[in-house]
Amino acid sequence: MLGVLLTLGTGLILTPLLQHYAFSMVLVMAVGLYGATLLGVAQGKALIGLLLTIGLTLIPAAGLVSYGLAVDLILALITGIVIAVICQWLVYPFFPESSPLAAEAAEAAVISDPQQSRWIALRTVLIVLPPVMAAFTNPALYLATIVKTTLLAQQGSRLSAKAAGYELIGSTFLAGCFAILLWFGLKLWPSLWMFFLWMLLLGVYIAAKLYGVVASKYEPSYWQNVIVTVVILLGPAVEDSANGKDVYQAFAVRFMLFIAVTLYAWLAIWVLEYCRSRLHARRLSRAGEG
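A quick note: this is a predicted structure, and the numbers were derived from the prediction, not measured. (Residues numbered from 1 in each chain as written. Predicted model: local features only at pLDDT ≥ 70, side-chain atom pairs only at ≥ 80, totals over all residues. Heavy atoms only, no water.)

As a further point, take the overall build of the protein. When helices and strands are counted, the protein shows eleven helices and zero strands. Each helix and strand of the protein, ordered N terminal to C terminal, gives the series α-α-α-α-α-α-α-α-α-α-α. Split into buried and exposed, the 290 residues of the protein put 39% on the buried side. For the protein, contacts bridging at least 24 residues in sequence account for 76% of all contacts bridging at least 6. In the structure as shown, the protein presents an accessible area of about 16300 Å², 71% of it carried by carbon and sulfur atoms. (Helix = DSSP H or I, 4+ residues; strand = E, 2+ residues; numbered from the N terminus. Buried < 20%, exposed > 50% of the residue type's maximum accessible area, 1.4 Å probe, protein only. Contact = heavy atoms within 4.5 Å. Areas by Shrake-Rupley, 256 points an atom, 1.4 Å probe, with all protein chains shown as cover.)

For the rest of this paragraph, the subject is the packing of helix α1 (residues 2-20) against helix α3 (residues 46-65). It is the contact of α1 with α3, at a shortest axis distance of 7 Å, that shows an interaxial angle of 35°. The handedness of the crossing between α1 and α3 is right-handed. Between α1 and α3, the residues in contact are V4, T7, L8, T10, G11, L12, L14, T15, L18 and Q19 and I48, L51, L52, I54, G55, L56, I59, P60, G63 and L64, respectively. Grouping the amino acids of the contact of α1 with α3 by side-chain chemistry returns 13 nonpolar, seven polar and no charged. (Axes fitted to C-alpha atoms, helices over the stretch in contact; angles between N-to-C directions. Left-handed = near helix turned anticlockwise from the far one by under 90°. Nonpolar A, V, L, I, M, F, W, Y, C, P; charged D, E, K, R; others polar.)

Relative to the helices and strands, I227 is located in helix α10 (residues 220-242). Along the chain, I227 and L202 lie 25 residues apart, while their C-alpha atoms are 8.0 Å from each other. Beyond its immediate stretch of four places on either side in the chain, I227 contacts L202 and I206.

Moving on, we come to the side chain of T7. Tracing the chain through its elements places T7 in helix α1. Beyond its immediate sequence surroundings of up to four residues, T7 is in contact with I48, L51, L52 and G55.

When the terminal C-alpha atoms of helix α4 (residues 67-91) are compared, their 36 Å separation across 25 residues agrees well with the 36 Å that a helix rising 1.5 Å per residue should span. The set of residues buried in α4 consists of A70, I74 and I78. Those residues of α4 hidden inside the fold are in contact with α1 and α3. Between a side-chain oxygen at the N-terminus of α4 and the backbone nitrogen of G68 the separation is 3.3 Å; the capping residue is S66. (Expected span 1.5 Å × (residues − 1). Polar contact = N/O pair within 3.5 Å; in protein donor to acceptor, adjacent residues only side chain to side chain.)

With that settled, the discussion passes to the side chain of T262. With respect to the secondary-structure elements, T262 resides in helix α11 (residues 247-289). Of the polar contacts made by the side chain of T262, one reaches the side chain of T172; its length is 3.5 Å. When sequence neighbours within four positions are dropped, the list of residues in contact with T262 reads K148, L152, L168, I169 and T172.

Side chains of M1, V82, I86, W89, L90, V91, F94 and F95 sit close together on the surface and give an oily, nonpolar patch of about 910 Å² of accessible area. Within the secondary structure, F95 sits in the loop between α4 and α5 (101-109). F95 sits in the exposed class, given a relative accessible area of 64%. (Patch = residues over 30% accessible without salt bridge, like charges linked within 9 Å, V, L, I, M, F, W, Y side chains within 5 Å. Salt bridge = Lys/Arg side-chain N within 4 Å of Asp/Glu carboxyl O.)

Right, dumping it as structure tokens:
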């Protein structure tokens, strides 16, 4: 919890500075995103890197709307993490792991080549920073988009240009389809219990795909992106319904923004990898000529 407070609390410090020294704070964010990605790809501390990314992007955006909103958002995230940890303690004795899967996955995700780690970190900054800066122009409207961009930052740090299209675009479209199905399921009987049961059903299905209980040709990160995107699509839709807004129009706008951000991330990965390969080829040809 101390780590969560420290990483997310950075956003509260950046918020007033962002209002008065915008350019300097953008540079600070870029350096912070670079360091957060290095924590994940070079040291295997992906969770700390993700929380720091949220603290550098989502919390300042909420603070631009209202400082109280940023504080409430941090408290909500901490409460959710505490509940998740308690649930894990309660469930784990009944469903223990047969092998240290989490440790093995963390070790597999670490990139041992320092040059490659630095490149991945730089690539992630270039993927994440422009959409976040655009979202800062209207944080109240684009908060959900920043959450999606933060998720893309985590995925973009481990995807190749070839795999990015299938995973980023495909998982976002599938999440939109699931969100629509769950919404019409909720319309059959609008209640908190039905919301819980539909999300439980989807969670069991996604978990089966994640852990290989049900065969899937996609990586676990694909299904992780699906479930998180469903939540950040469906949650605001429920809030729009409660506030009397046009749910379908708001959902369409939000989903199209997600697609636009995802397409940008895919294009950025492809362009950056293409430029890097061309530069590497030139260096090899010059070395051969010399």
